[in-house]
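Residues per chain are reported as follows:
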Amino acid sequence: MDVREKPSLTHEDVISLNFIQSPGQYYFRRHYRMGLRSHIMEVLTPQALALEKNGVLKDGIKHYPRARPSRMLRIFRTRFASLKEAEEEIGRVKIVQQYLSPKFVAQSEEFLVNYKRGERFEILLCGLQTYVEGEILDPWTPAQHHPIEDLLKRMASSPIAGQIEELVATPYQNILTFVARIKKMVQEVRHIPDLAGVGNLLLTAEGDIMLVDINNISPVTFSSDIPIDDRGYPVCDKSVQALFLLEKKVKGHFIAPNEPLYEHFLDPARITEVLRLERKFHMEKSTNFSYRPETQIV
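Attention here is on the structure that accompanies the text. Small disclaimer: the values here were computed from a predicted structure and weren't measured.

Basis of the calculations
Residues numbered from 1 in each chain as written. Predicted model: local features only at pLDDT ≥ 70, side-chain atom pairs only at ≥ 80, totals over all residues. Heavy atoms only, no water. Helix = DSSP H or I, 4+ residues; strand = E, 2+ residues; numbered from the N terminus. Rg over C-alpha atoms; globule rule 2.2 N^0.38 Å. Buried < 20%, exposed > 50% of the residue type's maximum accessible area, 1.4 Å probe, protein only. Contact = heavy atoms within 4.5 Å. Areas by Shrake-Rupley, 256 points an atom, 1.4 Å probe, with all protein chains shown as cover. Lys, Arg positive; Asp, Glu negative; His and termini not counted. Charge placed at Lys NZ, Arg CZ, Asp CG, Glu CD. Pairing = 2+ DSSP bridges. Polar contact = N/O pair within 3.5 Å; in protein donor to acceptor, adjacent residues only side chain to side chain. Arc of directions from axis to C-beta. Phe/Tyr/Trp six-rings, centres within 6.5 Å; stacked < 30°, edge-to-face > 60°.

**Focus: the overall build of the protein**
Phase 1 of the analysis: Helix and strand counts for the protein stand at eight helices and twelve strands.
Phase 2 of the analysis: Against the globule reference of 19 Å for 298 residues, the protein gives a C-alpha radius of gyration of 20 Å, in line with a compact fold.
Phase 3 of the analysis: In terms of principal-axis extent, the alpha carbons of the protein reach across some 60 × 55 × 35 Å.
Phase 4 of the analysis: Split into buried and exposed, the 298 residues of the protein put 48% on the buried side.
Phase 5 of the analysis: Within the protein, contacts between residues at least 6 apart in sequence are counted, and of these 66% link residues at least 24 apart.
Phase 6 of the analysis: On the protein, roughly 15,600 Å² of surface is accessible, and the fraction owed to carbon and sulfur atoms is 52%.
Phase 7 of the analysis: Averaging the positions of the 39 positive and the 39 negative side-chain charges in the protein gives two centres separated by 3 Å.

**Topic: the sheet that holds strand β8 (residues 135-136)**
Phase 1 of the analysis: Pairing is antiparallel in the open sheet, where three strands are placed in the order β8-β10-β11. The open sheet has two edge strands with one neighbour each: β8 and β11 (209-211).

**Some thoughts on the side chain of Asp 208**
Phase 1 of the analysis: Inspection of the secondary structure assignment puts Asp 208 in the loop between β10 (201-203) and β11.
Phase 2 of the analysis: A polar atom in the side chain of Asp 208 sits 2.8 Å from the side chain of Lys 103.
Phase 3 of the analysis: In contact with Asp 208, not counting residues within four places along its chain, are Lys 103, Asn 174, Leu 202 and Leu 203.

**Points about the pairing of strand β7 (residues 120-129)**
Phase 1 of the analysis: Judged from the four bridges that link them, strand β5 (residues 71-76) and β7 form a sheet pairing that is antiparallel. Bridging from a neighbouring strand, Met 72 pairs with Gln 129 of β7.
Phase 2 of the analysis: Inspection of the sheet shows strand β6 (residues 108-117) paired to β7 by ten bridges, in the antiparallel sense. Counterpart to Phe 111 in the pairing with β7 is Cys 126.

**Brief notes about helix α4 (residues 148-155)**
Phase 1 of the analysis: Residues of α4 that are buried include every one of Ile 148, Glu 149, Leu 151 and Leu 152, and no others. In an axial view of α4, the angular spread of the buried residues amounts to 165 degrees, which keeps them on one side of the axis.

**A few points about the packing of aromatic side chains**
Phase 1 of the analysis: Evaluated as defined, the whole model comprises four aromatic pairs.
Phase 2 of the analysis: Each ring, one from Phe 222 and one from Phe 265, has its centre 5.5 Å from the other, and the planes form 65 degrees; the classification is edge-to-face. Of the two residues, Phe 222 is situated in the loop between β12 (217-219) and α6 (235-248) and Phe 265 in helix α7 (residues 260-265); the sequence distance between them amounts to 43 residues.
Phase 3 of the analysis: A centroid spacing of 4.9 Å and a plane angle of 65 degrees characterise the contact between Tyr 233 and Phe 281, whose relative ring orientation is edge-to-face. Linking Tyr 233 in the loop between β12 and α6 with Phe 281 in helix α8 (residues 268-284), this pair joins segments that are 48 residues apart in sequence.
Phase 4 of the analysis: Given the relative accessible area of 1%, Tyr 233 is considered buried.

Shown next as structure tokens:
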């Protein structure tokens with residue numbers, strides 16, 4: 001079966017690919033996040049797996065730490081009609097990396113391989129991405145402000161109650177910087193990454209905001225038409241909505257009225273039509289777990 005069509009992959013599936021060295025020094029395990037547009041595999045060392053399996057004694061108590069990936073392997077499901085088409089996809093990834101920098105996006109080394117299927121070869125896009133550890137920063141959380149305090153407390157190795165006021169200032173500033181860089185990208189090169197998917201943004205223990213999903217980078221056009229991606233999802237509009245919510249929920253921050261990006265994409269009639277397209281997408285993709293169903297901007 002074509003690797004791009006499989007719902008998920010195992011270690012054996014990966015090492016059986018013609019471009020993967022086998023036996024190699026790494027173990028490949030499916031990441032908990034299922035990708036519509038790519039397989040996401042943890043790249044694990046034997047040492048990390050051994051600790052997870054056998055445990056380690058600490059203060060007389062045996063712990064079984066989950067193996068931390070050294071990298072993340074992404075295998076794109078997209079079929080490319082030509083080498084040029086695949087190179088254009090890589091170009092869009094480089095745009096996001098350029099505008100966000102390693103400070104705000106998990107760096108990825110993209111590469112093209114000849115994927116052998118029977119007696120023929122096809123172009124397959126893959127990426128080795130830096131692993132980022134953190135909590136999901138969900139723009140769609142039904143709250144007035146981001147739950148930054150709760151997320152930081154969840155990640156802290158020791159109580160931080162007395163420091164919380166100082167600690168939350170860094171994530172909020174990082175959110176505003178992230179938003180500003182996305183707006184600059186839209187203004188200058190008319191592209192926006194997928195910010196709508198659940199788990200696409202992470203908050204690290206240091207207060208950094210990291211984009212970890214770069215599989216769906218959408219062109220931005222200021223027209224009355226609502227674009228949908230190759231899966232039928234209005235990802236451009238939903239990403240602008242998510243960007244607005246990211247900015248809106250920063251404590252003490254005021255969004256200037258008549259912001260051009262928001263004024264166009266957050267028109268009430270347009271939002272209603274986007275919601276209709278989103279519902280249609282979820283009805284047709286009942287097994288999709290990448291987007292929160294019927295997310296509305298408030």
